[in-house]
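Structural overview
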Amino acid sequence: MKALGVREIRAAEKAADVSGYTLMKRAGASIAREVREMSGGFSRIVFLAGKGNNGGDAFVGAALCGFSSVKVIAAQVPESYRGEAALALAEYGDRISLEIRETLLPGDLLPGDLVVDGILGIGFHGETVRPPFDQWIKFVNDSRLTVLSLDVPSGLNADDGIPASSGAIFAERTLTFGFPKKGFLTGSGAAHCGILHVADIGFADFPETSGTECYTMKEAARDLPRRAYDAHKFSCGSVLALCGSSRYPGAGVLCATAALRAGAGVVTLAGCERPGNLAAALLFEKLPVLSGGAIDPSGPETLRAWTRSDALIAGCGWGEQNAGLLQKVLGHPGALVLDADGLNLLSSFPSVWEKRDNVVLTPHPGEARRLAAAFGIAQDLSREELASALAETLHAVVVLKGAGTLVASPEGDLSRNTSGCARLATAGSGDVLAGVIGALLARGMTPFAAAKLGVFLHGLAGELAPDGVIADDLPALVGRAYTLVARYGCVSTRC
């Protein structure tokens, strides 16, 4: 789906075949589900309701979330609400504990609270938030409590992602309705939104518009490969992970284990020495080593491992000594994921590159800049322009990692991932991502589809992770993420 601006969102609301109040009730139901998903470990849920329809969404969500320790703080007396918000109070008011505040006071928010931000919606624009909500926003941010924002973090411009000069809410998670907003992709939008979830509440389909595609749970559920009832390990794809080195043995283990967890039927890790913590389900192929520690690309063991794989993942944890292996890797007949040191070596030896199909490159920003310099691409490009230029020049799918990971195709398609969080900022996380994408390629997905889905599953694994997660934990969480996507539509309207 595409991210929309406020004017387009309003048009989609008007074009829906249901009333605005019905949309509000659906939004409230999705809020209640989101709160229940987040509520573990919180002693109380505090909803902050502004004066408009965003406040009405909060009233419905508070009434439906099903917790006894729920408080709603409203900006005005019930008789002052109008439109759908007034209808929400009429129907649900006797089911919520409502307190009226002009300004928030000490004691309104306590340690252990989950704060639900229904203060301002997508209608906010301008340089500053007017009283009393400027005080509300500052009070919430100063509390440093976990915040769930409804539709848009209060004080953030939904069109351009620019926060009010008086401040905007910093949310742990934002539940937005119908479509992502353009402002989430620009300015400070991502920093204020935190984890982004999109709730399908029945807006009318909107014509394709210019701008970046957003890859959400809805698209992931559509693309997820399902195992046939009579599937066997060889029908689920074979992956060769040519990764790791004596200095970085863990990179190959992380990559290969993630490929297994992402559904590959058979995964072989090939390297110069067998790691001690290799999962029992993984195969290992010891490869011959040249003087200096580099893998011998012409050895018979290397060739034997080559012929058995539907997809090859290469470069994770190689170090700089495997330059001779790069050209052989580029000649692999199946699908290829090139990551990390493989990309750095390509930047050093761009002449070995030959355009071919079925390739996914997974650079982080530094690796992307080095590739751009090596292949004569301008250095002053935006993230979107850089990802697209690399994909076009190298005729490969490019995954430009970072907050809001971008996936670009050689044909000019560009997709922005909506899953993930800062818990993925840990050493080895990229090795796990390469393994997930490699498994999806081995299972027959096209490179662009495999890259988009792999990035989403990897991001969702990060969302499922506790604080203190390390990359070793992520492969198992990829399996949980896969299950959650497979069940989408049965248990939630989240997309």
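Everything below is about the structure shown above.
Residues numbered from 1 in each chain as written. Predicted model: local features only at pLDDT ≥ 70, side-chain atom pairs only at ≥ 80, totals over all residues. Heavy atoms only, no water.

**Some thoughts on the sheet that holds strand E5 (residues 146-150)**
Strand pairs in the sheet, formed through backbone hydrogen bonds, run parallel or antiparallel to each other. We apply this condition: In this scheme, strands are said to pair when DSSP sees at least two bridges between them. In DSSP terms, a helix is any run of H or I states spanning at least four residues, a strand is any run of E spanning at least two, and both are numbered starting from the N terminus. In this description, a line fitted to the C-alpha atoms serves as the axis of each element, helices being fitted only across the stretch in contact, and the angle between N-to-C directions of two axes falls anywhere from 0 to 180 degrees.
On the basis of which strands lie adjacent, the open sheet formed by seven strands has the order E3-E2-E1-E4-E5-E6-E7 and parallel pairing. Two strands in the sheet have a free side with no partner beyond their single neighbour: strand E3 (98-100) and strand E7 (195-199). Direction aside, the axes of adjacent strands within the sheet are offset by 20° on average. Relative to E7, strand E6 (residues 173-177) runs parallel, the two sharing five bridges.

**Topic: the sheet that holds strand E13 (residues 335-339)**
The strand order across the open sheet formed by 10 strands is E8-E17-E16-E15-E14-E13-E12-E9-E10-E11, and the pairing between neighbours is mixed. Where the open sheet ends on each side, the last strands, each with one partner, are strand E8 (213-215) and strand E11 (283-286). The average angle at which neighbouring strand axes cross in this sheet is 20°, direction not considered. The pairing of strand E16 (residues 406-408) with strand E17 (residues 414-417) spans three bridges and is antiparallel. Looking at E17, one finds that Ala408 is bridged to Leu414.

**Observations regarding empty space enclosed by the protein**
The following threshold applies: Both site types are read off a 1 Å grid over the protein atoms alone. A 1.4 Å probe that fits but cannot get out defines a cavity, while an open set with protein on both sides within 12 Å along at least five of seven lines defines a pocket; lining residues have an atom within 4 Å of a point. Grid points are joined across faces, edges and corners, and a volume is the space filled by probe spheres set on the points.
In the structure shown here, the tally under the stated rule is one cavity of 30 Å³ or more. Taken as a whole, the largest cavity holds about 70 Å³ of empty space. Lining the largest cavity, in full, are Cys243, Gly244, Ser245, Pro249, Gly252, Leu269, Gly271, Cys272, Glu273, Pro275 and Phe284. For the lining of the largest cavity, the secondary-structure elements that each account for two or more residues are helix H8 (249-261) and strand E10 (266-271).

**Comments concerning the pattern of salt bridges**
Put simply, the rule reads: A pair is scored as a salt bridge if a Lys or Arg side-chain nitrogen falls within 4 Å of a carboxyl oxygen belonging to Asp or Glu.
Taken as a whole, this structure holds 17 salt bridges when the rule is applied. For the salt bridge of Glu34 with Arg173, the shortest nitrogen-to-oxygen distance reads 3.1 Å. Note that Glu34 is positioned in helix H2 (residues 20-38) and Arg173 in strand E6, a separation of 139 residues in sequence. Across the pair Asp467 and Arg423 runs a salt bridge whose closest N-O atoms are separated by 3.6 Å.

**Regarding the packing of aromatic side chains**
The criterion, for reference: Classification of ring pairs uses Phe, Tyr and Trp, with its six-membered ring standing for Trp, and accepts pairs whose centres are within 6.5 Å; under 30 degrees between planes counts as stacked, over 60 as edge-to-face, and the remaining range as tilted. Burial here depends on accessible area, computed with a 1.4 Å probe over protein chains only, as a share of the maximum for the residue type. Under 20% is buried, over 50% is exposed, and the range in between is partly exposed.
Within the structure shown, the criterion is met by four aromatic pairs. Ring geometry for Phe59 and Tyr81: centres 5.2 Å apart, planes at 80°, overall edge-to-face. In this pair, Phe59 is assigned in helix H3 (residues 53-64) and Tyr81 in the loop between strand E2 (70-74) and helix H4 (83-92), connecting sequence segments 22 residues apart. Like Phe59, the residue Tyr81 is buried in the burial classification.

**What to know about the nonpolar core**
Applied cut-off: Among buried residues, the Ala, Val, Leu, Ile, Met, Phe, Trp, Tyr and Cys ones that are joined through side-chain atoms within 4.5 Å form a nonpolar core. Residue contacts are defined here by distance: any two heavy atoms, one from each residue, within 4.5 Å place the two residues in contact.
Within the largest apolar cluster, 61 residues are counted, with the highest numbers of intra-cluster contacts made by Leu457 and Val485. By residue number, the principal contributor to this core is helix H15 (residues 447-464), which donates 10 residues. Apart from the residues within four sequence positions on either side, Val485 is in contact with Met217, Ala220, Ala221, Leu224, Arg226, Phe456, Leu457 and Leu460. In this structure, Met24, Tyr81, Leu89 and Leu148 belong to the second largest nonpolar core, which totals 54 residues.

**Details of unusual backbone geometry**
A cis geometry characterises the amide bond from Pro131 onward to Pro132, with omega recorded as 5°. Within the fold, Pro132 resides in the loop between strand E4 (113-118) and helix H5 (133-143). Non-glycine residue Asn358 carries a positive phi angle of around 65°. Examined against the element boundaries, Asn358 turns out to sit in the loop between helix H11 (341-348) and strand E14 (359-362).

Geometric descriptors of this kind do not, in isolation, establish any biological role.
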